[in-house]
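Architecture and fold: a report
Next come the chains, spelled out residue by residue.
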Amino acid sequence: MPLATHPASPHSHRATAEALAAAARPIAKQYFRQKLAVEHKADDSPVTVADRSIEAAMRSILTERHPDHAIFGEEHGAERLGARFTWVIDPIDGTKSFVTGLPLFGTLVALLENGVPRLGLIDMPVLSETWIGEAGQPTRFNNALCRASGCTDPAEAVLYATSPDMFEGASRAGFERVSQTVRLRRFGGDCYAYGLLAAGHVDLVIEVGLQPYDYLPLVAVIEGAGGVVTDWAGQPLGLASDGRVVAAASPALHQWALRTINGG
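Scope of this entry: the structure provided in the associated data block. (Residues numbered from 1 in each chain as written. Predicted model: local features only at pLDDT ≥ 70, side-chain atom pairs only at ≥ 80, totals over all residues. Heavy atoms only, no water.)

1. Things to note about the sheet that holds strand S12 (residues 184-187)
The line we're drawing: In this analysis, strands are considered paired if DSSP registers two or more bridges between them. In this description a helix means any DSSP run of H or I spanning at least four residues, a strand means any run of E spanning at least two, and both kinds are numbered starting from the N terminus. As a rule, the C-alpha atoms of each element are fitted with a line to give its axis, helices using only the stretch in contact, and angles between N-to-C directions run from 0 to 180 degrees. Throughout, a residue-residue contact means that at least one pair of heavy atoms, one from each residue, lies within 4.5 Å.
Within the open sheet, the 5 strands sit side by side as S12-S11-S13-S15-S14. Their pairing is mixed. Because the sheet does not close on itself, it has two edges, and the strands there are S12 and strand S14 (228-231). Taken over all neighbouring pairs, the strand axes of this sheet differ in orientation by 15° on average, direction set aside. Where S14 lies against strand S15 (residues 245-248), 4 bridges are found, and the strand directions are antiparallel. When the bridges of S15 are listed, Val 228 appears paired with Ala 248. Across the sheet, helix H7 (residues 251-261) touches strand S13 (204-207), S14 and S15, and the angle it forms with S15 is around 145°.

2. Here we look at the pattern of salt bridges
Quick note on the threshold: The working definition used for a salt bridge is a side-chain nitrogen of Lys or Arg within 4 Å of a carboxyl oxygen of Asp or Glu. Burial classes: relative accessible area under 20% of the type maximum marks a residue as buried, over 50% as exposed, and values in between as partly exposed (1.4 Å probe, protein chains only).
Counted under the stated rule, the structure contains 11 salt bridges. When the shortest N-O distance is used, the salt bridge between Arg 118 and Glu 113 registers 3.7 Å. Using a relative accessible area of 39% as the deciding quantity, one classes Arg 118 as partly exposed. Among the charged side chains, a network of salt bridges with common partners joins Glu 55, Arg 59, Glu 79 and Arg 80.

3. A word on the environment of Ser 60
Assignment of secondary structure puts Ser 60 in helix H2 (residues 49-65). For the pair Ser 60 and Leu 20, spaced 40 residues apart in sequence, the C-alpha separation works out to 9.5 Å.

So yeah, pure geometry; function would need other evidence.
Structure follows, in structure tokens:
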């Protein structure tokens, strides 16, 4: 039987995720703070040669190591959807930060098994900071264990979102209700805010309009650090989620946030 047909171990999956991040870093650094042509996709989000080059390198690794796995990527679409394992990849999460010289952009990787996130990685190429989470294992930050703050008091919580501009109508009203209670509200960071939550520095991240490659890599990282992350209805995140995300440092804070943003 050819080697590629043997079931891969969880350890090999983690090694693959780390290899994907390692392949992305030098390409991101090569293009960062260089003059690049910026295109805009149908949803008006920016894309550069860096995004596409990184994803191409990541897909090459996945095709070589796991040819029977599905791939769902931001720039080059989906392959083999319906397979038991699906890799979800975002070569540059935070392209707006990237093209404006802000180092708070990351490379995101998730591995889903039958649609359920089992592994997640957040890698910040310029900052040399990496979070990796695996189902049933504690999250690691630069190979050391990390833990969410465990904050349960909304009045003491630090809240992040990438931008206030993402909220409109009812979602803006819900976000403002949460903001009125928390100790501190800050904007920016894209995926970095979720890593900071897993490391205990941020207590809440609330966002809308995200895509699967934006949110699925965060799930195992946050859960392995003792946090909770769902959609705004409290349902687990999957490929078909609506892009509204609530991440919290404790179950109690998460439940409060859900009630508050939904008007309860």
